[in-house]
Amino acid sequence: MKSTITFVLFCLYSVGVVLAASGTAEAIFIGDPSVTLATATGKGNVTLTTNQSENCYFVGVAPAVVP
Amino acid sequence: MNIPLPTKTLTEAEVPEQDPAYDYPFGLVQFSLYCPGLSDGPFPTTVEVTLTFDGATDLSGYMFRKYGPTPDNTASHWYDFSFDGETGIVGRSGNAITFRYVDGRRGDDAINVTDLYIFDQIGPTPPASVPTMSQWGMVLFLLFAGIGAAFTLRRKGKSA
């Protein structure tokens, strides 16, 4: 039983590593007052920030930026 | 309460209606900003959002247009989001632009709704280019001007 759980956790970790490395994973922004996204026209990134970072956050799902 | 739009970037072609007179070289930004920390006021909920485009160095000449309803026209349409005394552009610094939003007012696509959400679709558009003469156009212009000047001088010389 313990080995099964370990194996499942290892598989989930591997999938996460592969998705992160591919740069195509989607990042879920919940509670983030600053978000960086790739522009849809391929001209760099755009960063969204707010002066109410203690009180507001951007919501939704967007393509992650490849570091 | 409205369902939040996903925060993402998009091209003009992805917007339901095109804006034919303007180009959007950096595309558009769509976001939903939720402000639960301002539920106790102050009202109306007022926030500022800064967009920084690292692919640009200077956006000072750019207009920022957005797609959505306004208090005077509740059908979605394109409009210039310059400052009108309450909402719009309040700061420019190189490639960073700061906008002021008020919940439910012009700029918030959930128009006339105070729900602590700001919904927006906005993008930078360069200033309209002034039509200029091409290199060959200038060569031809100078050639004809020269011929005209020579012809005039010759006529003056004959009549004197």
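Refer to the structure presented above.
Residues numbered from 1 in each chain as written. Chains lettered and ligands numbered in written order. Predicted model: local features only at pLDDT ≥ 70, side-chain atom pairs only at ≥ 80, totals over all residues. Heavy atoms only, no water.

## Section: the overall build of chain A
A tally of regular secondary structure across chain A gives 1 helix and 4 strands. Its helices and strands taken in sequence order, chain A reads α-β-β-β-β from the N to the C terminus. Here chain A holds 67 residues, and the buried ones make up 22% of them. Within chain A, counting contacts between residues at least 6 apart in sequence, those at least 24 apart form 49% of the total. A total accessible area of about 4300 Å² is found for chain A, and carbon and sulfur atoms account for 67% of it. (Helix = DSSP H or I, 4+ residues; strand = E, 2+ residues; numbered from the N terminus. Buried < 20%, exposed > 50% of the residue type's maximum accessible area, 1.4 Å probe, protein only. Contact = heavy atoms within 4.5 Å. Areas by Shrake-Rupley, 256 points an atom, 1.4 Å probe, with all protein chains shown as cover.)

## Some words on the nonpolar core
Ranked by internal contacts, the top residues of the largest apolar core, which has 28 residues, are Phe31(B), Leu33(B), Leu51(B), Phe53(B), Phe64(B), Phe99(B) and Tyr101(B). When residues of this core are traced back to their parent elements, those giving at least two are strand 2 (34–38) and strand 3 (45–50) of chain A together with strand 2 (28–34), strand 3 (46–53), strand 7 (96–102) and strand 8 (117–125) of chain B. Of all the elements, strand 3 of chain B adds the most residues to this core, at 4 residues. Beyond its immediate stretch of four places on either side in the chain, Phe64(B) contacts Phe53(B), Leu59(B), Tyr79(B), Asp80(B), Phe81(B), Ile89(B), Arg92(B), Ile97(B), Phe99(B), Ile122(B), Gly123(B) and Pro124(B). Grouped together as the second largest cluster of nonpolar side chains are 6 residues, Leu10(B), Val15(B), Leu28(B) and Tyr67(B) included. (Core = buried A, V, L, I, M, F, W, Y, C linked by side-chain atoms within 4.5 Å.)

## A look at the sheet that holds strand 3 of chain A
Read from one edge to the other, the open sheet built from 5 strands follows the order 2(A)-3(A)-3(B)-7(B)-6(B), with strand pairing classed as antiparallel. In this open sheet, the two edge strands, each paired with only one partner strand, are strand 2 of chain A together with strand 6 (88–93) of chain B. Put simply, the sheet's adjacent strands are angled 20° from each other on average, direction ignored. Pairing analysis gives 5 bridges linking strand 6 of chain B to strand 7 of chain B, with the strands arranged antiparallel. Looking at strand 7 of chain B, one finds that Arg92(B) is bridged to Ile97(B). (Pairing = 2+ DSSP bridges. Axes fitted to C-alpha atoms, helices over the stretch in contact; angles between N-to-C directions.)

## Focus: unusual backbone geometry
Residue and element names in this part refer to chain B. Here glycine 41 and proline 42 are connected by a cis peptide whose omega angle stands at 5°. Tracing the sequence through the fold places proline 42 in the loop between strand 2 and strand 3. Phenylalanine 43 connects to proline 44 through a cis peptide bond whose omega is -5°. Residue asparagine 112 is not a glycine yet carries a positive backbone phi of 65°. Along the chain, the position of asparagine 112 falls in the loop between strand 7 and strand 8.

## Here's the deal with the interface of chain B and chain A
Across the boundary between the two partners, chain B contributes 32 residues, which contact 23 residues of chain A. For the pair chain B and chain A, the interface holds 0 salt bridges. Here chain B is connected to chain A by 11 residue pairs in polar contact (both at pLDDT 80 or more). Within the residue set of the side of chain B that touches chain A, elements represented by two or more residues are strand 1 (8–10), strand 2 and strand 3 of chain B. (Salt bridge = Lys/Arg side-chain N within 4 Å of Asp/Glu carboxyl O. Polar contact = N/O pair within 3.5 Å; in protein donor to acceptor, adjacent residues only side chain to side chain.)

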